[in-house]
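An overview of the molecular structure
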Amino acid sequence: MIEPTIAFREALGAHLASDLAVAALVDPENIRAGDFAPDELPAILFGAGNVMMHGRASGAQFVATVFMDLHIWALEPGLDTAQTIGATVARRLMDWPSCDGFSLDQFKHTRTVWPRDPNPDYGHGVLSVEAVVRWSI
């Protein structure tokens, strides 16, 4: 792994798509990278993410904190569908994702917000997660 946000996003996507409760609400094909309201709804889109580098650790490893926003989008009047999806995702985030090529020292869902979209046909939520990741090149 060279860039931790990409690897973290892929691990989160696989973690959510493999959960039967999440997959019952959102087609796993609609759990992907992207920032804006998609054409196919409902969807869970991962923002670009941010990295705070901490430096090196033993064994020539690198350590960083990765911050990622998961955008929940649903077509609806009101927020009920988006909030149901968000609650299901939040429950799944109580378990740490499996990682390939890196490890997690820490993982947490830090907050959820429900911003109103200018189009009342859309429900939108943002779940923020962060993880301390460790990897070698």
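Every chain begins its residue count from 1, and numbering advances along the sequence as written. In keeping with the predicted nature of the model, local features appear solely for residues at pLDDT of at least 70, side-chain atom pairs appear and are counted solely at 80 or more, and the whole-chain, interface and lining totals rest on all residues. As a rule here, side-chain values come from all non-hydrogen atoms in the structure, and water together with hydrogens is ignored.

A few words now on the packing of aromatic side chains. Each Phe, Tyr or Trp ring (for Trp, its six-membered ring) is paired with any other whose centre lies within 6.5 Å, and the angle between the two planes then decides the class: stacked below 30 degrees, edge-to-face above 60, tilted in between. Taken as a whole and judged by the stated rule, the model has four aromatic pairs. Between tryptophan 73 and tyrosine 122, the ring centres sit 6.0 Å apart and the planes meet at 90°, which makes this aromatic pair edge-to-face. A residue pair is termed long-range when its members are at least 10 positions apart, and tryptophan 73 in strand 4 (residues 61-75) and tyrosine 122 in strand 6 (residues 122-135) qualify at 49 residues. When a residue's accessible area, from a 1.4 Å probe over protein chains only, is under 20% of the maximum for its type it is buried; when over 50% it is exposed; and in between it is partly exposed. Under the relative-accessibility criterion, tryptophan 73 is labelled buried at 5%. Note on tyrosine 122: relative accessible area 22%, which makes it partly exposed. Only DSSP runs of H or I reaching four residues or more are called helices, and only runs of E reaching two or more are called strands; each is numbered from the N terminus.

On to the pattern of salt bridges, then. Put simply, a salt bridge is a Lys or Arg side-chain nitrogen that is within 4 Å of an Asp or Glu carboxyl oxygen. With the rule as written, the count across this model stands at three salt bridges. Among the salt bridges present, the one from aspartate 105 reaches arginine 134, with a minimum N-O distance of 2.5 Å. One end of the pair, aspartate 105, is in strand 5 (residues 103-113); the other, arginine 134, is in strand 6, with 29 residues separating them in the sequence. On the accessibility criterion, aspartate 105 (36% relative accessible area) is partly exposed. Where glutamate 130 meets lysine 108, a salt bridge forms, and the shortest distance between an N and an O atom there is 4.0 Å.

With that settled, consider the side chain of threonine 88. Within the secondary structure layout, threonine 88 lies in helix 3 (residues 80-92). A relative accessible area of 7% places threonine 88 in the buried class. For threonine 88, the contacting residues outside a window of four places in its chain are Ala21, Val22 and Leu25. Contacts are assigned to residue pairs that have any heavy atoms within 4.5 Å of one another.

Before going further, it helps to spend a moment on a negative patch on the surface. Within the patch definition used here, like charges are joined within 9 Å and nonpolar side chains (Val, Leu, Ile, Met, Phe, Trp, Tyr) within 5 Å, considering only residues with over 30% relative accessible area and no salt bridge. Only the protein chains shown count as cover for residues, and the accessible areas themselves come from Shrake-Rupley with a 1.4 Å probe. By the counting rule applied here, Lys and Arg register as positive and Asp and Glu as negative, while His and the ends of each chain are not counted. The atom standing in for a charge is NZ when the residue is Lys, CZ when it is Arg, CG when it is Asp and CD when it is Glu. Negative charge collects at one region of the surface, where Asp27, Glu29, Asp39 and Glu40 lie side by side. For aspartate 39, a relative accessible area of 79% corresponds to the exposed category.

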